[in-house]
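A look at the structure
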Amino acid sequence: MRKSCIHAAYVQTGKSGLAGASMLHAALFTHEQNTGYTMAMNTPNVQKQPINDEPYDVAIIGCGVSGANIARRLAMYRIRVAILEKAADVSFGTSKANSGIVHGGFHHNKKYLKARLELRGNLMFDQLRRELDFPFKRCGIVVAAMHEDEMKSVEQLYTQGVDNGARDIELCSRERLLELEPKLTNDVVGGLYAPGGGIVEPYRFVFALLESAVKNGVQLYTTYKVAAARYEAAFWRISADDGREVRARYAINAAGLFADEVSRIFGGEEFSIKARKGEYFLMDKLSKARPERVIFPAPTPVSKGILVIPTVEGTVLVGPTADDTESKTDYATSTERLEQVLDSGKKMVPSLSRNDVITNFAGLRPFLENDFYIEPSKKTPALVQVAGIQSPGLTASPAIGEYVKDLLKGMGLDLTEKSDFDPLIGERKRAREISPFELDALIAKDPAWGTIVCRCEKVSEAEIIEAIHIGHTTLDGVKYFTRAQMGRCQGGFCAYKIIKIIMRETGLSWHDITKHGGESRLLEAEL
Ligand SMILES: Cc1cc2nc3c(=O)[nH]c(=O)nc-3n(C[C@H](O)[C@H](O)[C@H](O)COP(=O)(O)OP(=O)(O)OC[C@H]3O[C@@H](n4cnc5c(N)ncnc54)[C@H](O)[C@@H]3O)c2cc1C
């Protein structure tokens, strides 16, 4: 196996007893292979790493953006923290499929916890970006009214934003709005501008948070589906469905759509998380309709509406819908709803074209009443509920980490700061972002930089190898880490090459290669 800069991350973590090449893999992801399920996504030559018998202070269930922020926050203190994630990789739940907006602090009334955490979370992004080097841009948000009567709801948003303390929020004339966002239709009558709003690549945000948490001692267990828990002698014994067990003094339920199930497992409060589906179109980087700022329509009483979003990596997202759905695993899209998405988007940005569509997808919001539910359980000891993290959960997530840390302190957890906490993670080179001279220098050191595997997104073999060595051993994991398969061809030309690289670097057979773990096998025979 090749060396990668992740090796440095491992050396500083320095906790595992694994040997040689396996160390790289274990740097961020702790896998076990006692079931066919885990075999399907993990590296066979990683020696089985037993769960450390020493109990943890805190076990976080779920590694979406909430769990990752909580983990990274807790990594600043002299405590032992574990994250238990049921999927093959992190950020494979709601945190992978959303609008990627860092909201501007005007959509929600500050009587709600979600609004207060949104405001605080928004302000925390700049420092996190400096420390963790994930794609984030404060591009600003506009809300566009298409009729005079819509200006009423825009004015209400403005008043709410001012009252919330949203930064430099502005009520705009038609001319001002068109100056701020020339891609808007001439039919616009006025609107609102929130310069503090922004865009972020959500999975890269989670990966970076996790890398930092692990670098500072947090232990991640993937394919760990929490199935049972019992409180005994001041510790939670938290069992996975494959029999593994972790002990911890405190447990955090950050299980997203399944937080109701996890609460039940711990004997906590009874509540029911509903899924609300949001469908999107994704448009090519070459789309002439790409706006400079996030564009919202005037809101309706039930939804923020269909948006046109310039993603931080240069594509355009149009959506999402908002439909309650019975299933928590149904990510299907429908032609009918997608037609509505395109029609609504075109009302604001007429140059949006069906020809630029490269894919469509859906995300599921975990919906519980109208607010986040972040509290110590009143029913069961030493459990913090982090449930109902609907929008603006991504924006609020850094503040959720801080809030949960304070709750734990209030519950008696001794939080002494680490003197050696390192807030930084290494810079990651991307072939598409560097100059030809810099690329030449990298190729001279490692020829894998000279092989472009994904032509659409200009992703080199070296970047794919790095992703795999970190632990992203599924096709989706590699995709979210590198952007390979995210361009116009959606993996049509590069997926098989990536599969071959995964097989070569991990020793997995064709049979074990999956899209996102579990039963999502890709091949019927050897490539
Ligand atoms: C369509 C849509 C658009 C959105 N747009 C935005 C936006 O633009 N801006 C914004 O701020 N917010 C937005 N959001 C909201 C945001 O995406 C969520 O609030 C956030 O991702 C929730 O993160 P989470 O970590 O709480 O949940 P998740 O990301 O779902 O993470 C929960 C994790 O728990 C794991 N898990 C579940 N059960 C178990 C178990 N038994 N054992 C172990 N692990 C388990 C899951 O596998 C998952 O990884 C949007 C949401 C949707 C759906």
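All figures in this text were calculated on a predicted structure; none of them were measured in a lab.

1. Focus on the sheet that holds strand β8 (residues 198–200)
Taken in spatial order, the three strands make up an open sheet running β3-β8-β4, and their pairing is antiparallel. Every other strand in the sheet has two partners, leaving β3 (101–102) and β4 (136–137) as the edge strands with one partner each.

2. Remarks on the site of the ligand
Taken together, 41 residues sit near the ligand, with G62, G64, G256, G278 and G393 positioned nearest. Taken together, the elements giving at least two residues each to the shell around the ligand come down to α4 (65–74), β18 (357–367) and α11 (393–410). Here the residues of the shell around the ligand sort into 19 nonpolar, 18 polar and four charged. For the shell around the ligand, the domains that each give at least three residues are domain 1 (58–137 + 197–273 + 368–410) and domain 2 (141–195 + 275–365).

3. Examining the environment of T335
Its place among the elements puts T335 in helix α10 (residues 335–348). The exposure class of T335 is exposed, given the 8 C-beta atoms found within 10 Å. As a C-alpha pair, T335 and P350 span 15 residues in sequence and 20 Å in three-dimensional space.

4. A look at the nonpolar core
Ranked by internal contacts, the top residues of the largest apolar core, which has 145 residues, are V58, A59, A71, L210, A251 and I252. Looking at this core element by element, the count peaks at nine residues for helix α8 (residues 202–215). Residues contacting V58, with those up to four places away along its chain left out, are L74, I79, V81, A248, Y250, I252 and L408.

5. A short note on the pairing of strand β1 (residues 56–61)
Two faces, one strand: in a regular strand the side chains alternate between the faces of the sheet. For β1, the buried fraction is high: five of the six residues fall into the buried class. With five bridges joining them, β1 and strand β12 (residues 245–253) adopt parallel strand pairing. Residue I60 lies in a different strand from β12, and its bridge partner there is I252. Pairing between β1 and strand β2 (residues 81–84): four bridges, direction parallel.

6. Quick look at the domain arrangement of the protein chain
Here the protein chain is partitioned into domain 1 (58–137 + 197–273 + 368–410), domain 2 (141–195 + 275–365) and domain 3 (431–512). The gap between the C-alpha centroids of domain 1 and domain 2 is 27 Å. Across the boundary between the two partners, domain 1 contributes 25 residues, which contact 28 residues of domain 2. Here the residues of the side of domain 1 that touches domain 2 sort into 11 nonpolar, 11 polar and three charged.

7. What to know about the pairing of strand β7 (residues 190–194)
Among the five residues in β7, five count as buried, and that is most of the element. Side-chain alternation along β7 places G190, L192 and A194 on one buried face and G191 and Y193 on a second face that is also buried. Relative to β7, strand β5 (residues 141–145) runs antiparallel, the two being bridged by five bridges. Bridging across to β7, A145 finds its partner in G190.

8. A look at the packing of helix α13 (residues 461–470) against helix α15 (residues 495–506)
Between α13 and α15, the shortest axis-to-axis distance is 10 Å and the interhelical angle comes to 50 degrees. Between α13 and α15, the angle falls in the class oblique. Judged by the twist between their axes, the crossing of α13 over α15 is right-handed. For the pair α13 and α15, contact is made by E461, I464, I465, I468 and H469 and by I498, I501, I502, E505 and T506, respectively. In the contact of α13 with α15, the residues fall into six nonpolar, two polar and two charged.

9. With respect to the packing of α4 against α8
Two packed helices can be described by the angle between their axes and the distance between those axes. One can describe the packing of α4 onto α8 by two numbers: an axis separation of 8 Å at closest approach and a directional angle of 30 degrees. As summarised for this structure, α4 and α8 are arranged roughly parallel, according to the angle between their axes. Crossing hand, α4 versus α8: left-handed. The segment α4 lies against α8, with V65, A68, N69, A71 and R72 engaging P202, F205, V206, L209, L210, S212 and A213.

10. Brief notes about α4
With 10 of 10 residues buried, α4 is to be regarded as a mostly interior element. Within the sequence span of α4, burial applies to V65, S66, G67, A68, N69, I70, A71, R72, R73 and L74.

11. Re unusual backbone geometry
For the bond from G319 to P320, the omega torsion is -5 degrees, close enough to zero to count as cis. Summarising the element assignment, P320 is placed in the loop between β16 (316–319) and β17 (323–325). Note the cis peptide between S391 and P392, where omega equals 10 degrees. Relative to the assigned elements, P392 resides in the loop between β20 (383–387) and α11. A positive phi angle is found at S91, which is not glycine, with a value near 60 degrees.

12. Thoughts on the environment of S460
For S460, the location among the structural elements is in strand β22 (residues 459–460). Separated by 264 residues in the primary sequence, S460 and G196 place their C-alpha atoms 34 Å from one another.

13. Overview of α8
An ideal rise of 1.5 Å per residue puts 20 Å on 14 residues; α8 measures up with 20 Å between its terminal C-alpha atoms. Counting buried positions over the 14 residues of α8 gives 14, a clear majority of the element. Backbone geometry just after α8 places G217 at a positive phi near 105 degrees.

The rules we used
- Residues numbered from 1 in each chain as written.
- Predicted model: local features only at pLDDT ≥ 70, side-chain atom pairs only at ≥ 80, totals over all residues.
- Pairing = 2+ DSSP bridges.
- Helix = DSSP H or I, 4+ residues; strand = E, 2+ residues; numbered from the N terminus.
- Near = placed C-beta within 6 Å.
- Nonpolar A, V, L, I, M, F, W, Y, C, P; charged D, E, K, R; others polar.
- Domains from an automatic or database assignment.
- Buried ≥ 20, exposed ≤ 12 C-beta atoms within 10 Å, placed from the backbone.
- Core = buried A, V, L, I, M, F, W, Y, C linked by C-beta atoms within 7 Å.
- Contact = placed C-beta atoms within 7 Å.
- Axes fitted to C-alpha atoms, helices over the stretch in contact; angles between N-to-C directions.
- Parallel < 35°, antiparallel > 145°, perpendicular 65-115°, else oblique.
- Left-handed = near helix turned anticlockwise from the far one by under 90°.
- Expected span 1.5 Å × (residues − 1).

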